[in-house]
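# Report on the structure
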Amino acid sequence: MKKLPLVLIVEDEPAIAELIAVNLRHNGFQPIWAEDGISAQRELDAVLPDVILLDWMLPGTSGLALARKWRADARTKPVPILMLTARGDEPDKVAGLDAGADDYITKPFSTQELLARIRAVLRRRAPEQLQDQVSAGALVLDAAAHRVSYSGEPLKLGPTEFKLLHYFMKHPERVHSRSQLLDKVWGDHVFIEERTVDVHVKRLREALGEASGLVETVRGAGYRLSVPAMNSSTS
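About the thresholds
- Residues numbered from 1 in each chain as written.
- Predicted model: local features only at pLDDT ≥ 70, side-chain atom pairs only at ≥ 80, totals over all residues.
- Heavy atoms only, no water.
- Salt bridge = Lys/Arg side-chain N within 4 Å of Asp/Glu carboxyl O.
- Helix = DSSP H or I, 4+ residues; strand = E, 2+ residues; numbered from the N terminus.
- Buried < 20%, exposed > 50% of the residue type's maximum accessible area, 1.4 Å probe, protein only.
- Polar contact = N/O pair within 3.5 Å; in protein donor to acceptor, adjacent residues only side chain to side chain.
- Contact = heavy atoms within 4.5 Å.
- Axes fitted to C-alpha atoms, helices over the stretch in contact; angles between N-to-C directions.
- Parallel < 35°, antiparallel > 145°, perpendicular 65-115°, else oblique.
- Nonpolar A, V, L, I, M, F, W, Y, C, P; charged D, E, K, R; others polar.
- Core = buried A, V, L, I, M, F, W, Y, C linked by side-chain atoms within 4.5 Å.
- Pairing = 2+ DSSP bridges.

## Examining the pattern of salt bridges
- Here the structure, examined in full by the defined rule, presents seven salt bridges.
- Note that Glu11 and Lys107 form a salt bridge whose closest N and O atoms lie 3.0 Å from each other. Here Glu11, found in the loop between strand E1 (6-10) and helix H1 (14-26), pairs with Lys107, found in the loop between strand E5 (103-106) and helix H5 (111-125); they are 96 residues apart in sequence, far enough to count as distant.
- We classify Glu11 as buried; its relative accessible area is 0%.

Here it is in structure tokens:
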């Protein structure tokens, strides 16, 4: 089942929040409502949304201050923010964008405009699609077909192991720390222990079989995909 894009609505007026939520549900999104900065932070700590709709005027911490805070945090920095406000003057728009908002929507706005803006920021921020083919010696990964083979023999990998191997193969001979792998492969959309990386590397090696030795543990540093010199020239 396809995962619906998660939208965090940070809005202190229940009627407006409910109207937005209803329209989002009817158009293939999964809305979550937070009425102030404290409850919004609680939702963000639980799981990162795909986009944040952030009202400027909120009780307590303003939307402007929240945007600055989330942009300064490495975990929330990649999440697109759309600022919703009745303040439509040019200086206010500039202030909102300078605070880190990806877009700015002035109230009142139409549902179609809001949906179009959300889809636009999601397209801009969409992660790089795995559509290429990479090889490391006799190991070949076809991202578009979602296939991996070693010396012509197909290998069966789980989705996370597939993404992990793809990242290793795109960046061979480099040492990647567990935190770097979490950021690049998992995207840090949920809290995940660094030990989880070890579990998936173990599963990846088991799936690779004879090619398991290509994934090396660099003690105290992380992991590296290393191709033997005699195979490194293989295209």
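## Side note on the side chain of Asp103
- If you trace the backbone, Asp103 turns up in strand E5.
- A polar atom in the side chain of Asp103 sits 2.9 Å from the side chain of Arg117.
- Discounting chain neighbours no more than four positions away, the residues touching Asp103 are Ile81, Leu82, Met83, Leu97, Arg117 and Val121.

## Some details on the packing of helix H7 (residues 178-186) against helix H8 (residues 195-208)
- Two elements in contact, H7 and H8, have axes separated by 9 Å at closest approach and are oriented at 75 degrees. Regarding the angle of H7 to H8, the classification is roughly perpendicular. When H7 is examined against H8, the residues Arg178, Leu181, Leu182 and Trp186 are found in contact with a partner set consisting of Thr196, Val197, Asp198 and His200.
- When grouped by side-chain class, the residues that make up the contact of H7 with H8 number four nonpolar, two polar and two charged.

## Remarks on the nonpolar core
- Leu139 and Leu165 are the most contacted members of the largest nonpolar core, which has 29 residues in total.
- Those elements giving two or more residues to this core turn out to be strand E6 (133-136), strand E7 (139-142), strand E8 (147-150), helix H6 (159-170), H7, H8 and strand E11 (222-225).
- Tallying contributions element by element places H6 first for this core, with six residues.
- In contact with Leu165, other than residues within four places in its own chain, are Leu139, Leu141, Val148, Leu157, Leu204 and Leu208.
- With 20 residues, the next largest nonpolar core counts Leu48, Leu54, Ala99 and Ala101 among its residues.

## Details of the sheet that holds E8
- The sheet built from four strands is open, its strands ordered E6-E7-E8-E9 with antiparallel pairing. Sheet topology places E6 and strand E9 (153-155) at the edges, where each strand pairs with a single neighbour. Taking the axes of each pair of neighbouring strands and ignoring which way they run, one obtains an average angle of 25 degrees across the sheet.
- The sheet contact formed by E7 and E8 spans four bridges and is antiparallel. Note that in E8 the partner of Leu141 across the bridge is Val148.
- Contacts from H6 reach E6, E7 and E8 within the one sheet, and its direction differs from that of E7 by about 115 degrees.

## Describing the side chain of Asp55
- Along the polypeptide, Asp55 turns up in strand E3 (residues 51-55).
- Looking at Asp55, its side chain comes within polar contact range of the side chain of Lys107, at 3.2 Å.
- Setting aside residues up to four positions removed in sequence, Asp55 forms contacts with Val10, Glu11, Asp12, Gly63, Leu84, Thr85 and Lys107.

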